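Reading the structure
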Amino acid sequence: MTSVRYLFPSLVLLAAFLAIWEGYVALTDVSSLVLPAPSDVLNGLWVERYVIARHTLATLGVALVGFSLSVIFAFVVSILLHFSGWLRRGMMPLLVASQTVPIVALAPLMVLWFGFGLLPKVLLVILVTFFPMVVSLTSGYASLPRAFRDQLVSMGATRWVIFRRAALPSARAQFFSGLRISATYAIVATIFAEYAGARRGLGIYILAAKNNFRADLVLSAVFVSACLTLVLLTVIKGIKRMTRRRYRRENNA
Amino acid sequence: MTSVRYLFPSLVLLAAFLAIWEGYVALTDVSSLVLPAPSDVLNGLWVERYVIARHTLATLGVALVGFSLSVIFAFVVSILLHFSGWLRRGMMPLLVASQTVPIVALAPLMVLWFGFGLLPKVLLVILVTFFPMVVSLTSGYASLPRAFRDQLVSMGATRWVIFRRAALPSARAQFFSGLRISATYAIVATIFAEYAGARRGLGIYILAAKNNFRADLVLSAVFVSACLTLVLLTVIKGIKRMTRRRYRRENNA
Amino acid sequence: DWTLNTNHIGLVVAQQKEFYAQEGLEVEILPYSDTASTALLAAGAVDFAYMTALGFMSAKAGQAPITALWVTMQNEAGRLVYNSGNDTISRPADLEGKTYAGFGSAWEDALISTMIENDGGIADYDTVTLGTGAYEALASGAVDFTLEVATWEGVNSALIGREQSHFVYADYGVPEAQGGYIGTQTAMLESDPDTVVAFMQATRRGYEWAAANPLEAAEILIKAGDFPNEQLVRGSMRLIADGGYLTDGNTPVGLIDEVRLTTMAQFLFNSGVLRGADGQPLAWPGDVSGWFDQSWMTDR
Amino acid sequence: MLEVRGLTIRTGAETLVEDLSLSLAEGSLTCLIGPSGCGKSSVVKWLAGVLAPELQAKGDALIDGSTAIFPHRDIAYQPQQDTLFPWLTAAENACLGLEIGGMERRAARDRVDALFPTFGLEGHEESFPDQLSGGMRQRAAFLRTIVQDARVLLLDEPFSALDAVTRLCMQDWLVARLAERPRAVLMVTHDLYEATQMADRVLVMAGGPGRIIADIPISTPSAERSETALAEIRSSLKLMLLKEIP
Amino acid sequence: MLEVRGLTIRTGAETLVEDLSLSLAEGSLTCLIGPSGCGKSSVVKWLAGVLAPELQAKGDALIDGSTAIFPHRDIAYQPQQDTLFPWLTAAENACLGLEIGGMERRAARDRVDALFPTFGLEGHEESFPDQLSGGMRQRAAFLRTIVQDARVLLLDEPFSALDAVTRLCMQDWLVARLAERPRAVLMVTHDLYEATQMADRVLVMAGGPGRIIADIPISTPSAERSETALAEIRSSLKLMLLKEIP
Ligand SMILES: Nc1ncnc2c1ncn2[C@@H]1O[C@H](COP(=O)(O)OP(=O)(O)OP(=O)(O)O)[C@@H](O)[C@H]1O
Ligand SMILES: Nc1ncnc2c1ncn2[C@@H]1O[C@H](COP(=O)(O)OP(=O)(O)OP(=O)(O)O)[C@@H](O)[C@H]1O
Ligand SMILES: [Mg+2]
Ligand SMILES: [Mg+2]
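Residues numbered from 1 in each chain as written. Chains lettered and ligands numbered in written order. Predicted model: local features only at pLDDT ≥ 70, side-chain atom pairs only at ≥ 80, totals over all residues. Heavy atoms only, no water.

1. Some remarks on the overall build of chain C
When helices and strands are counted, chain C shows 12 helices and 8 strands. Put simply, of all contacts in chain C between residues at least 6 apart along the chain, 77% involve residues at least 24 apart. Accessible area for chain C stands at about 11600 Å²; split by element, carbon and sulfur atoms hold 46% of it. Across chain C, the centroid of the 14 positively charged side chains sits 6 Å from that of the 40 negatively charged ones. (Helix = DSSP H or I, 4+ residues; strand = E, 2+ residues; numbered from the N terminus. Contact = heavy atoms within 4.5 Å. Areas by Shrake-Rupley, 256 points an atom, 1.4 Å probe, with all protein chains shown as cover. Lys, Arg positive; Asp, Glu negative; His and termini not counted. Charge placed at Lys NZ, Arg CZ, Asp CG, Glu CD.)

2. Observations concerning the site of ligand 1
Residues and elements named next belong to chain D. Not every one of the 15 residues close to ligand 1 is listed here, only the nearest: Ser36, Gly37, Lys40, Ser41 and Ser42. Here Ser36 contributes a side-chain N or O atom positioned 2.6 Å from an oxygen atom of ligand 1. Backbone polar atom of Gly39 to an oxygen atom of ligand 1: 3.0 Å apart, as the coordinates give it. Its free accessible area being 640 Å², ligand 1 has 65% of it covered by the protein chains. Take the shell around ligand 1: its biggest share by element is 3 residues, from helix 1 (residues 40–48). (Near = heavy atom within 4 Å. Polar contact = N/O pair within 3.5 Å; in protein donor to acceptor, adjacent residues only side chain to side chain.)

3. Let's talk about the interface of chain A and chain B
Taken together, the contacts link 44 residues of chain A with 44 residues of chain B. When the two sides are added together, the surface that chain A and chain B hide from each other amounts to roughly 3800 Å², 82% of it contributed by carbon and sulfur. Put simply, chain A and chain B have 5 residue pairs in polar contact (both at pLDDT 80 or more) between them. Those elements that provide at least two residues to the side of chain A that touches chain B are helix 1 (2–28), helix 4 (85–98), helix 5 (103–114), helix 9 (172–196), helix 10 (202–211) and helix 11 (215–242) of chain A. Sorting elements by how many residues they give to the side of chain A that touches chain B places helix 11 of chain A first, with 9 residues. Tallied by class, the residues present in the side of chain A that touches chain B amount to 35 nonpolar, 7 polar and 2 charged. (Buried area = accessible area lost by both parts, 1.4 Å probe. Nonpolar A, V, L, I, M, F, W, Y, C, P; charged D, E, K, R; others polar.)

4. Things to note about the interface of chain B and chain C
Residue-level contacts link 25 residues of chain B with 26 residues of chain C. Summing both partners gives a buried area of about 2100 Å² for chain B against chain C, and 63% of it is carried by carbon and sulfur. Taken together, the connections running from chain B to chain C amount to 0 salt bridges. Taken together, the connections running from chain B to chain C amount to 0 residue pairs in polar contact (both at pLDDT 80 or more). Listed by contribution, the elements that provide at least two residues to the side of chain B that touches chain C are helix 3 (49–83), helix 5 (103–114), helix 9 (172–196) and helix 10 (202–211) of chain B. No other element matches helix 10 of chain B, which puts 5 residues into the side of chain B that touches chain C. Classifying every residue of the side of chain B that touches chain C gives 15 nonpolar, 5 polar and 5 charged. (Salt bridge = Lys/Arg side-chain N within 4 Å of Asp/Glu carboxyl O.)

5. Side note on the arrangement of the chains
Most contacts, compared over the 6 pairs of chains touching, are made between chains A and B. Between chain C and chain D there is no contact, and the shortest C-alpha to C-alpha separation is 48 Å. With respect to C-alpha atoms, chain C approaches chain E no nearer than 49 Å, and the pair has no contact.

6. Focus: the site of ligand 2
Residues and elements named next belong to chain E. Neighbouring ligand 2 are 15 residues; Ser36, Gly37, Lys40, Ser41 and Ser42 lie closest to it. Interatomic distance of 2.6 Å between a side-chain N/O atom of Ser36 and an oxygen atom of ligand 2. Here Cys38 contributes a backbone N or O atom positioned 3.3 Å from an oxygen atom of ligand 2. Out of a free accessible area of 630 Å², ligand 2 has 65% covered by protein chains. Partitioning the shell around ligand 2 into residue classes produces 4 nonpolar, 8 polar and 3 charged.

7. Some words on the coordination of the magnesium ion (ligand 4)
Six octahedral donors around a metal ideally make angles of 90 or 180 degrees; four tetrahedral donors ideally make 109.5 degrees. Residue and element names in this part refer to chain E. In this structure, Ser41 (OG) and Gln80 (OE1) serve as the protein donors to the magnesium ion (ligand 4), at separations of 1.8 to 2.3 Å. Note that Ser41 is positioned in helix 1 (residues 40–48) and Gln80 in the loop between strand 6 (75–78) and helix 2 (90–100), a separation of 39 residues in sequence. Gln80 gets classed as partly exposed once you look at its relative accessible area, which sits at 33%. (Donors = N, O, S within 2.8 Å, 3.2 Å for Na, K, Ca; no water. Buried < 20%, exposed > 50% of the residue type's maximum accessible area, 1.4 Å probe, protein only.)

8. Some thoughts on the environment of A:Gly115
All names here are of chain A. Note on placement: Gly115 falls in the loop between helix 5 and helix 6 (118–142). Taking the C-alpha atoms as reference points, Gly115 and Val77, separated by 38 residues in sequence, lie 26 Å from one another. Residues within four places of Gly115 in sequence aside, it is in contact with Met110 and Pro120.

9. Concerning the domain arrangement of chain D
Residues and elements named next belong to chain D. On domain assignment, one finds that chain D holds domain 1 (2–74 + 150–244) and domain 2 (84–149). Inter-centroid distance (C-alpha atoms) of domain 1 to domain 2 is 24 Å. Listed per partner, the contact involves 17 residues of domain 1 and 12 residues of domain 2. Interface of domain 1 and domain 2: buried area, both sides summed, is about 1200 Å²; carbon and sulfur atoms make up 68% of it. (Domains from an automatic or database assignment.)

10. Some points on the relation of the copies chain A and chain B
Its rotation angle being 180°, the transformation that places chain A on chain B also includes 0.0 Å of axial translation and leaves an RMSD of 0.1 Å. The relationship between the two copies is best expressed as a two-fold rotation axis. For chain A, the minimum C-alpha distance to the rotation axis belongs to A:Val104 and amounts to 4.6 Å. Both copies share a contact surface, since 100% of the interface residues of chain A are interface residues in chain B too. (Least-squares fit on C-alpha atoms with pLDDT ≥ 70 in both.)

In structure tokens:
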């Protein structure tokens with residue numbers, strides 16, 4: 001109930017936007033090759049639901065594998081960087097610079113290098129999503145207040161104990177905000193990768209719809225992929241809430 | 001001098017990476033159609049320097065126009081959202097959701113809708129870059145401590161005075177961090193938009209190089225675009241430093 | 001339809017030799033981009049477009065308001081290509097169960113299925129959508145076959161010494177189509193017929209000149225575009241001239257053959273790959289003579 | 001000159017301050033003292049017209065006998081937190097109240113500049129707040145409040161950000177500054193030593209809900225206030241406050 | 001039992017603390033008092049083995065006559081800032097020192113649980129720090145420090161986060177807790193009232209560079225310490241500290 005009230009203004013705006021769009025298409029009689037009405041998009045979604053579902057599953061699979069590996073990879077790298085100042089100073093500028101590379105352009109090359117199996121797609125997803133997480137993890141570790149560190153050192157803690165008992169938990173909030181940013185890109189990156197070469201997936205579907213002059217189906221698939229991202233973000237929010245120690249405690253006690 | 005020392009570990013790592021790459025290509029004799037060596041890429045850059053420069057200028061022009069408009073637009077929208085709570089509650093979820101749309105897929109449609117000129121490209125750059133700035137501006141305004149607000153209210157300040165004298169300046173740091181994120185995407189978004197349709201630009205060049213089976217030139221152009229982004233980021237850093245009031249004061253006094 | 005190549009030779013020649021200027025036209029050739037030229041034309045973003053045959057037909061089937069004025073290739077330049085070293089393939093029927101590197105258009109499936117079935121096989125093969133990566137994937141053996149344009153990718157493969165064999169569509173039940181249409185918006189035929197005529201006349205002169213002087217035309221093309229691989233252009237032009245693609249000597253350059261257009265369109269409709277908004281295959285409109293208009297050829 | 005009658009402040013569910021009355025006389029420094037959370041700041045915020053919108057307040061306030069609406073021109077307020085704007089210089093910060101009050105920029109600047117020496121900030125006009133020490137920041141904040149020339153000053157724990165030693169020496173300094181011109185001053189604190197050292201009158205507040213439980217005048221002249229002279233009063237205040245904590 | 005001789009701490013350019021010596025006797029509470037920035041925390045951090053790496057320290061420390069290396073098992077340190085980990089419950093926080101010292105988790109928990117009532121925290125074992133009031137947090141922090149059973153306790157401004165009233169009532173409570181077992185306690189503060197109320201001995205430090213300028217024993221028994229009884233000592237300390245501020 002409260003969330004309905006909270007979302008009410010958004011829903012009003014969204015409805016207004018869709019109504020104007022639908023009305024514009026109806027009035028100007030623009031070709032549906034160029035600008036399909038929202039109702040055309042929904043109709044396409046319904047008619048093609050089985051096909052779209054199959055492609056969606058493929059995309060989701062790749063995105064989840066890539067994203068999970070990316071999370072693991074980000075943890076490993078962040079720990080390495082945390083413990084080696086030299087590596088951190090060396091890698092950070094390179095990682096920042098690497099974000100300026102237009103990965104779009106690399107995607108076709110990656111298919112050449114790694115074939116059109118899972119590998120290049122997963123790699124691309126990792127490339128795109130891993131940076132925000134590494135950055136948020138390392139800055140999360142660094143956000144550990146000096147005094148917390150001092151407290152543990154004075155108790156005789158080793159570097160590893162300090163990391164595990166203080167740096168890691170104190171990076172939690174920042175890790176999740178990095179995760180959220182990454183998740184926003186995970187699906188989009190997968191679609192990209194599929195553009196460059198795949199058997200199936202939403203990217204392939206969009207490509208085919210475009211080549212067959214079906215703007216309505218392009219938008220249907222775009223809509224599905226936006227929904228996928230929203231679902232992913234919601235799941236992450238849920239995980240964040242449920243893994244809070246306090247939450248667990250309150251719900252078990 | 002200090003910045004050389006600071007970057008030293010990065011340069012070592014970068015050199016090692018390039019050396020391994022070059023060595024791998026030399027040893028395995030892989031076709032340069034598939035994986036060109038770094039030296040091939042540099043060579044391509046040199047041989048095609050005039051052509052690439054022409055395309056680069058086109059891309060830079062579009063990116064700058066789009067990005068500037070995006071900044072202006074972000075300011076206008078953020079001020080509207082700041083002063084209207086209803087609009088803020090209504091727009092924010094939509095803006096967040098809009099970020100989950102794979103803009104890649106929309107780019108070709110935008111060319112269909114808005115023609116071949118500057119408009120669709122500028123729109124795409126705005127779509128991609130404007131969200132981080134609006135978010136950082138609104139959260140910057142909201143970061144104004146309650147006590148600062150109270151202080152001004154007790155002096156008899158109006159809402160607009162509070163905005164101009166307190167909320168706006170207190171959003172400065174966050175605005176620049178949003179600007180940095182946006183700038184990272186500005187060039188990439190332009191290249192994208194060019195993919196979907198343009199007379200010239202790095203996107204067109206990459207596409208042509210790809211279709212002419214020249215992986216080395218693809219990478220050359222990728223390299224140039226990464227450099228563009230780095231330059232843009234450096235310029236923004238410079239602007240940030242030079243517009244600091246303290247800096248100005250110290251350098252004029 | 002694609003990055004500037006020898007298919008566009010007449011346009012480039014007309015531009016470089018100022019045939020357009022002589023007609024009082026200012027023509028700008030836009031580079032290839034990810035948005036199909038057919039869609040751009042239908043949306044009114046451009047005045048004329050160079051379209052693939054199947055792209056044009058698919059769009060027409062979807063009621064795009066466009067009309068063809070010209071066709072470049074009198075013979076089908078497309079063909080199905082596979083590695084010569086792959087001894088499991090000797091005829092289209094062998095493609096059953098193999099992997100195809102595709103480009104994401106519906107008609108590809110119609111074409112390949114027809115070939116396999118007409119050769120007595122079952123059209124059950126795996127599709128990987130790769131775009132231009134297809135040729136590298138084929139060379140590396142990651143896929144078994146793909147489609148190519150003989151006058152471009154075919155020349156490129158020959159230049160870099162790849163051993164590849166091919167099947168010609170027409171040999172296996174696919175109607176022989178003409179390739180590479182130039183078209184305009186239907187509305188433009190009404191509103192500005194003079195421009196259309198002027199443009200097309202100049203274009204025809206360009207192609208005729210190119211057909212007569214293929215090697216000089218290649219040099220003009222090389223000078224006009226930023227071709228990283230000039231040998232590819234020369235080789236391609238030579239093939240176009242030798243293969244009689246622009247003209248077989250009798251038919252005028254650019255003439256649209258209604259019979260072949262109808263057969264090909266009918267083939268597309270019958271294959272059931274073209275679907276409407278309700279998800280059902282489109283019904284054969286019965287007549288496609290309204291799809292093209294070559295009255296400009298005689299208007300002057 | 002300022003009088004508050006029957007002030008009640010409540011959240012939806014809870015009463016934070018109940019039926020509180022107080023009056024401030026011209027030329028006097030009144031300290032409001034009490035444990036954390038008893039509602040001291042809420043009272044002061046109400047007087048400054050900046051009470052949080054989610055709180056409901058009821059009660060009358062009179063200035064010179066006529067009903068007052070807050071924020072009020074005659075009242076200057078200095079919040080509990082440091083509110084020097086980090087993006088303005090010390091002088092610009094000090095001008096803020098005057099400019100918002102409608103004074104022309106140059107005139108405000110002249111008036112402010114004239115006060116910098118008195119506040120021990122000479123030469124720091126162009127310094128930014130983070131270039132000042134804690135004590136200097138505090139003095140700049142006082143400058144901003146005092147330059148507005150309001151007849152009532154509300155100071156909410158002005159020393160809470162300072163260390164005890166700096167605080168000791170600022171106390172007498174502030175008393176001297178305030179004495180330069182007759183004003184009614186209400187200062188919130190929870191430090192009984194600070195209150196007894198500075199105030200003419202100490203109001204002791206207790207929480208749950210907030211109300212005034214004692215009103216203690218201190219008649220010892222400023223110059224004679226020492227540890228020994230005030231020991232008695234402090235002792236009784238200390239007992240009173242310790243009783244307030246469970 | 002702890003003795004420091006000739007401690008000098010410097011940054012590259014500046015001397016923060018110069019040739020400082022002090023000794024702590026078993027069963028005594030020594031307060032180190034001085035203005036902000038004079039180097040009090042630096043001395044304590046050095047003893048805890050957590051001096052910032054960019055600072056160089058020189059000097060000897062003896063525990064029971066033999067040279068000590070820091071961090072040291074016999075020394076428990078409570079930093080100036082609140083260091084209760086927000087992601088651990090009060091009990092888990094309290095166990096931290098014991099677990100890192102090598103004690104088994106269950107045993108540590110038993111030992112900690114036994115102390116919760118004495119510290120007025122019964123029933124809050126499973127509360128997270130932000131569910132506790134300021135005073136309770138402070139008691140939990142003391143619990144964590146005291147349960148380690150070290151022979152030397154270093155407390156850096158343990159009350160600085162509390163308001164003055166809560167602080168008043170925690171002072172006597174802490175003295176009682178510390179008296180339960182003989183220890184040498186070094187407590188840093190800049191509040192002379194706090195120091196005189198609690199300490200057996202007050203060391204007055206001055207800055208620039210940091211050094212000890214006075215060593216004042218307070219012999220009044222805890223129970224008899226009142227405003228009047230301590231007025232003399234406070235008065236002299238106040239003068240000493242005010243002299244330290246320009
Ligand atoms: N906006 C609010 N909504 C709900 N409760 C509030 C709000 N503001 C303050 N309170 C509550 O009102 C009570 C009094 O707050 P107030 O800030 O006036 O206390 P205080 O005496 O100034 O305390 P301190 O000495 O810590 O500054 C507190 O219990 C606080 O939790
Ligand atoms: N890591 C450091 N590098 C350089 N200077 C430092 C460093 N740490 C502290 N200082 C300086 O050393 C001096 C003493 O600091 P310290 O924290 O010991 O003072 P303190 O007496 O504890 O002050 P406070 O009462 O404010 O806690 C200060 O002037 C401070 O600026
Ligand atoms: Mg308060
Ligand atoms: Mg300190």
